[in-house]
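Understanding the architecture of this molecule
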Amino acid sequence: MSFTETPEQLALREAVAQLGAAYGYEYMVGKARSGGDMAELYAEAGKLGYLGVNLPTEYGGGGGGMYELAIVEEELGTAGCGLLMMVVSPAICGTVIAKYGTNSQKDRWLPGLADGSEIMAFAITESDAGSNSHRITTTARRDGDDWILSGAKTYISGVDVAQNVLVVARTEDSATGALKPVLFVVPTDSTGLEYTKIEMDMISADHQFTVFIDDVRLPSDALVGSEDAAIDQLFAWRNRERIMASSFAIGMARYALNIAVNYAKERVVWRDKPIGSHQGVAHPLAQAHIEVQLAKLMMQKAATLYDQGDHMGAGETANMAKYAAGEAGTRAVDQAVQTLGGNGLASEYGLGALIAASKLSRIAPVSREMILNFIAQHSLDLPKSY
């Protein structure tokens, strides 16, 4: 692993930063408060090739890896307009289809995911299963050549802007009778599929939904890849999700610290000196910056290992990165608000809305407690605790 980014990666970082600056926090929060979405930014990022930077070139992608896609997410977040659906559509769904899909499935879905003309949501969470994916009850059964899908999912991001949802379900193994996981691409306008918005006490242009799947009939080719390969598919997306969630949190943290640092340089209260000259203000900001940079290094290591094909190594480091980014991001936002005092909660400065958003980075898509369980068991070889 090199600690120096390539000229191409640096150029990508600069270009995405310029795109983010053209939209910024005001664009995001305006969409969020009006109940809208960030379709214009998503479309432009796709047109410029940023959304599909990790997808194969033969399907319209950039041929890069998770490292490059994480750069895009981080820089947009640093501008105050991170795109949650990047974590879902190109990172999870796109790479699952690119790795496990049939040639016809790749031809059908990857070009749209790469250029942003199509968005695919991802549905795994269920209200009674929580973090335990083995308790999923959404089921699929054969009916001739078709599949019949039934169940319910909750906290599914972006169903309102997606044309399709990649749904994790279970079906009966014909040989053993045991239930095994399967993945289906389900159009959001399918008969029998409905969704309702979950009202949240946070400001976000990305919305969460409960999805109801009532005997949705799907053609045979809606099944992604092989029916017997689904257990690999089920767990393969998790490293990508954690890497991208880390980049989202790191971008948010950088955005908050930039506001706080600029404020501390300009705000004068005593002796004609900016408050940033006082160690009581400077040291907590310096500490937050260190923690964010350490989290970023672990994220970059995880992305590098993933792109090199070391999925076991990436599993450990992606979990560590997600934990570190969630902790560092939450503390960075908290310290930024504290630096501004009352102004930290004023809409003018764009920090108050990040309090709940930064807290979410410690909860989703996997809680810090589950990450600690993973590290205790797999890194420290301690007995499984759950």
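Below or above, wherever it landed, is the structure these notes cover. (Residues numbered from 1 in each chain as written. Predicted model: local features only at pLDDT ≥ 70, side-chain atom pairs only at ≥ 80, totals over all residues. Heavy atoms only, no water.)

Moving on to the overall build of the protein. Across its full length, the protein carries 10 helices and nine strands. In summary, the protein has a C-alpha radius of gyration of 21 Å against a globular reference of 21 Å for 386 residues, a match within 12%. With the principal axes as the frame, the protein shows a C-alpha extent of 80 × 45 × 40 Å. In the protein, buried positions account for 53% of the 386 residues. Taking contacts inside the protein between residues at least 6 apart in sequence as the whole, the part at least 24 apart equals 70%. Of the accessible surface of the protein, which amounts to about 17500 Å², a share of 52% is contributed by carbon and sulfur atoms. Each charge class in the protein was averaged separately, 31 positive and 46 negative side chains, and the resulting centres sit 6 Å apart. (Helix = DSSP H or I, 4+ residues; strand = E, 2+ residues; numbered from the N terminus. Rg over C-alpha atoms; globule rule 2.2 N^0.38 Å. Buried < 20%, exposed > 50% of the residue type's maximum accessible area, 1.4 Å probe, protein only. Contact = heavy atoms within 4.5 Å. Areas by Shrake-Rupley, 256 points an atom, 1.4 Å probe, with all protein chains shown as cover. Lys, Arg positive; Asp, Glu negative; His and termini not counted. Charge placed at Lys NZ, Arg CZ, Asp CG, Glu CD.)

Here the focus is the pairing of strand E1 (residues 120–123). With burial as the criterion, each face of E1 is covered, one bearing Met120 and Phe122 and the other bearing Ala121 and Ala123. Note: E1 against strand E4 (residues 164–172), four bridges, orientation parallel. Bridging from a neighbouring strand, Ala121 pairs with Val165 of E4. (Pairing = 2+ DSSP bridges.)

Right, let's get into a nonpolar patch on the surface. Together, Phe3, Ile290, Leu294 and Leu297 give the surface a local cluster of nonpolar side chains, amounting to about 440 Å² of exposed area. Mapped onto the elements, Leu294 comes out in helix H7 (residues 279–307). (Patch = residues over 30% accessible without salt bridge, like charges linked within 9 Å, V, L, I, M, F, W, Y side chains within 5 Å. Salt bridge = Lys/Arg side-chain N within 4 Å of Asp/Glu carboxyl O.)

Glancing now at the side chain of Lys106. Position of Lys106 among the secondary structure elements: in helix H5 (residues 103–115). No salt bridge is formed by the buried Lys106. Its closest oppositely charged neighbour is Glu58, at 6.9 Å. The contacts of Lys106, once residues within four sequence positions are left out, are Tyr59, Ile97, Ala98, Gly101 and Pro111.

Before going further, it helps to examine the nonpolar core. Counting residues in hydrophobic clusters, the biggest one holds 115 residues, and the most contacted among them are Phe122, Leu149, Leu166, Phe184 and Ile243. At 15 residues, helix H6 (residues 230–266) tops the list of elements feeding residues into this core. Once residues within four sequence positions are removed from consideration, Leu149 is found in contact with Thr138, Thr139, Ala140, Val167, Ala169, Phe184, Val186, Ile213, Asp214, Asp215, Val216 and Leu218. (Core = buried A, V, L, I, M, F, W, Y, C linked by side-chain atoms within 4.5 Å.)

This part is about the packing of aromatic side chains. Applying the stated criterion across every chain, the model contains five aromatic pairs. Both rings, one in Tyr25 and one in Tyr255, keep their centres 5.5 Å apart while their planes meet at 20°; by these two values the pair is stacked. In this pair, Tyr25 sits in helix H1 (residues 7–33) while Tyr255 sits in helix H6, placing the two residues 230 residues apart along the sequence. There is no split in this pair, since Tyr25 and Tyr255 are both buried. Between the aromatic rings of Tyr195 and Phe209, the centroid separation amounts to 5.4 Å while the plane-to-plane angle is 85°, which identifies the pairing as edge-to-face. A residue pair is termed long-range when its members are at least 10 positions apart, and Tyr195 in strand E6 (residues 193–198) and Phe209 in strand E7 (residues 208–218) qualify at 14 residues. Residue classification places Tyr195 among the partly exposed positions, given a relative accessible area of 32%. The ring of Tyr386 is capped by Lys384, whose NZ or CZ atom sits 4.9 Å from the centre of that ring. (Phe/Tyr/Trp six-rings, centres within 6.5 Å; stacked < 30°, edge-to-face > 60°. Lys NZ or Arg CZ within 6 Å of the ring centre and 35° of its normal.)

A separate point is the side chain of Glu241. The topology assignment puts Glu241 in helix H6. Among the polar contacts listed, one links the side chain of Glu241 to the side chain of Arg242, at a separation of 3.2 Å. In this structure, Glu241 is in contact with Val87, Ile92 and Pro365, ignoring residues within four places of it in sequence. (Polar contact = N/O pair within 3.5 Å; in protein donor to acceptor, adjacent residues only side chain to side chain.)

This part takes up the pattern of salt bridges. All told, the structure shown has 17 salt bridges when counted by the stated rule. Here Lys153 ties to Glu126 by a salt bridge, and the two come within 2.9 Å at their closest N and O atoms. One end of the pair, Lys153, is in strand E3 (residues 146–157); the other, Glu126, is in the loop between E1 and strand E2 (139–143), with 27 residues separating them in the sequence. On the basis of relative accessible area, Lys153 is assigned to the buried category, the value being 1%. A salt bridge links Glu369 to Arg368, with the nearest nitrogen and oxygen atoms 3.3 Å apart. What makes Arg368 partly exposed here is its relative accessible area of 27%.

Note that every value here comes from positions in space, so none of it alone points to a role or purpose.
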